[in-house]
Amino acid sequence: MSYKFWIKFDIHKGGIFAFFIALIITFSFTNKVTFANEESDTHNKSGDAHFHVADYTKALEEYTAAINIDNKVARYFSNRAWTYIHLKNYDAAKKDFDTAIQIDEKLSNAYRGRAELYRIQGNLEESKKDFIKAGSLYYEIGDYSEGAEDFTKAIEIDSENSGYYTKRGWDYFKLKKYLEAENDFDKALRLSDDNNAYAYEGRAQVYKETEKFEDAKNDFCNAIEEYYNAADYDSAKSVLKTVMALDNSYARALYWAGMIEHNVDKNYKKAVEYYTTLIDNLKNPYKPEVIYCNRGEGYLLQHDYDAAINDFSKAIDIDPTYIGAYKRRAEIYFYHKKDYSSAFADYKEALRFDKNQKILSYEEKEIFEKNTKVCWDAFNFLERFKMKLRYPEYKLYGLLGALFVVIVVDYILGLAGDLRDPQVHLTFGLALQKLIAKVLLLLFTDIIGVFDKSQLVAFSIRDIILTLAILYELLYTLNDATRAGIPIPNWLSDLVKKVINMFEGIFQRAPSR
């Protein structure tokens, strides 16, 4: 055999030898640990036997022997702590309970023992905390009888805590003690007005098991609403599945299905389907104004603006103070439809109703107020002015205003001289526009009901364009008057034509800025 073969063979033999040595050591250590555990358990069991016959001194010796052999077992400390309580050595008991909980924080017996110790010492606040902890741990491991016992002791200390009745109610439900469970859930709901989702869910389960299905569906939806408002969406979805399995056409369940799809899962198409089912198939859907508003928002997010406006309008018809519907409809008018007059009206209504309801955030109010001003400044001024002029009682104001403006324009034309020079056109045009704007504001303040003299400041290009539009409206009012049979002097008609031609010349010839 080659030299290399013997090296490999020796390494192989060395590996096998090391493996067997490790195996022997492990086996020896395991036997030793097993023997130690068996010995400590023997002492612990002996301690239990003495404890149950009230031989606490002997029990203490046995539990201490078990701890001396293995001090990593939490129940040995807990058992010895219970023994110390009976021997009235409360300091030693507290120390052992603390050690047991430090080793195993889920040892329910240790929490229960420490709760009893606190109660003996008069520390009721800490006592009930440990009873609740013990009861909750017993519930987790399915020991519902023990759990109910701990919650009962907590209730004896504090009989006005709704949460204790809720927890005990669930233990009774698991034990199929439905009457006791229902009584506890009723008590919990009477004691508290909020954070009752767990109690509603528990009572709904009782109703379901006792075949009170209408009551069950109602309480399941109460639980969904509480979970939803607390942002516990997983629990809300879980309960929703349960109630939908009972009745998938139940109005409140469909409502919350839509809410969760819309606001939690962001599945707007599915949310719209739920809301449409509610609206189409039910005569009296749950919260109809909210359903229409939410479906409208679903349409909005899918860019179906006409359908959205229709739903927001229906929501407002049902509840004329519904701020959310005004808010969303205004956004569509403002950002998507460019219908600033309608947006202005909706923003105003939202702000008006919010004075009492205080729903809008500070940031939303700022946006609303800003958008409202933009709506007014940009378009609503002209729209309202036009609306006023459509009514007969305002025709006279329109005629007088047009007459006054035309006379002023004619006077300026006489002073302007040669208008063929482009620069003269530009200078004259800007001066004329500002003058007309001021005159119109002074003349029609009482008609429009918004502007006052303090607003007569320098005008932007947008203001100038609006002013021209208003002037044209006045001129067209004269034409309306002519068609209506109101006599207009020839000289006035000539002036109107001259003004129109003058403005067309300004816009066609003036150099761009």
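Right above here is the structure, for reference.
Keep in mind the model is a prediction, meaning the values are calculated, not measured. (Residues numbered from 1 in each chain as written. Predicted model: local features only at pLDDT ≥ 70, side-chain atom pairs only at ≥ 80, totals over all residues. Heavy atoms only, no water.)

Looking at this structure, I do not really get the environment of Gly-296. What am I missing?
With respect to the helices and strands, Gly-296 occurs in helix α15 (residues 288-301). Taking the C-alpha atoms as reference points, Gly-296 and Val-272, separated by 24 residues in sequence, lie 8.4 Å from one another. Dropping the residues within four chain positions of it, Gly-296 is found in contact with Ala-308, Asp-311 and Phe-312. (Helix = DSSP H or I, 4+ residues; strand = E, 2+ residues; numbered from the N terminus. Contact = heavy atoms within 4.5 Å.)

Explain the packing of helix α3 (residues 74-86) against helix α4 (residues 90-103) here, please?
When two helices pack together, you describe them by how their axes are tilted relative to each other and by the distance separating the axes. Contact geometry of α3 with α4 gives a least axis separation of 8 Å together with a crossing angle of 160 degrees. With respect to each other, α3 and α4 are oriented roughly antiparallel. The interaxial crossing formed by α3 with α4 has left-handed handedness. Only Tyr-90, Ala-92, Ala-93, Asp-96, Phe-97, Thr-99, Ala-100 and Ile-103 of α4 make contact with α3, whose side of the interface consists of Ala-74, Phe-77, Ser-78, Arg-80, Ala-81, Trp-82, Tyr-84 and Ile-85. (Axes fitted to C-alpha atoms, helices over the stretch in contact; angles between N-to-C directions. Parallel < 35°, antiparallel > 145°, perpendicular 65-115°, else oblique. Left-handed = near helix turned anticlockwise from the far one by under 90°.)

Help me understand the packing of helix α14 (residues 268-281) against α15, please; the structure alone is not making it clear to me.
Where α14 contacts α15, the two axes come as close as 9 Å, and the packing angle between them is 145 degrees. Here the hand of the crossing between α14 and α15 comes out left-handed. Touching Tyr-268, Val-272, Tyr-275, Thr-276, Leu-278 and Ile-279 of α14 are Ile-291, Tyr-292, Asn-294, Arg-295, Gly-298, Tyr-299 and Leu-301, all from α15. For the contact of α14 with α15, the residue count by class is nine nonpolar, three polar and one charged. (Nonpolar A, V, L, I, M, F, W, Y, C, P; charged D, E, K, R; others polar.)

Mind showing me how you'd approach the pattern of salt bridges here?
Pairing between side chains becomes possible if they bear opposite charge and their charged atoms approach one another. Following the criterion strictly, the structure yields 31 salt bridges and no others. One salt bridge connects Lys-58 with Glu-61, and the closest N-O pair in it is separated by 3.5 Å. With Lys-58 and Glu-61 both in helix α2 (residues 56-69) and three residues apart, the pair spans about one turn of that helix. A relative accessible area of 32% places Lys-58 in the partly exposed class. In this structure, Arg-168 and Asp-184 form a salt bridge, with 2.7 Å as the shortest nitrogen-oxygen distance. Taken as a pair, Arg-168 in helix α8 (residues 162-174) and Asp-184 in helix α9 (residues 178-191) lie far apart in primary sequence, 16 residues in all. Like Asp-184, Arg-168 is buried. (Salt bridge = Lys/Arg side-chain N within 4 Å of Asp/Glu carboxyl O. Buried < 20%, exposed > 50% of the residue type's maximum accessible area, 1.4 Å probe, protein only.)

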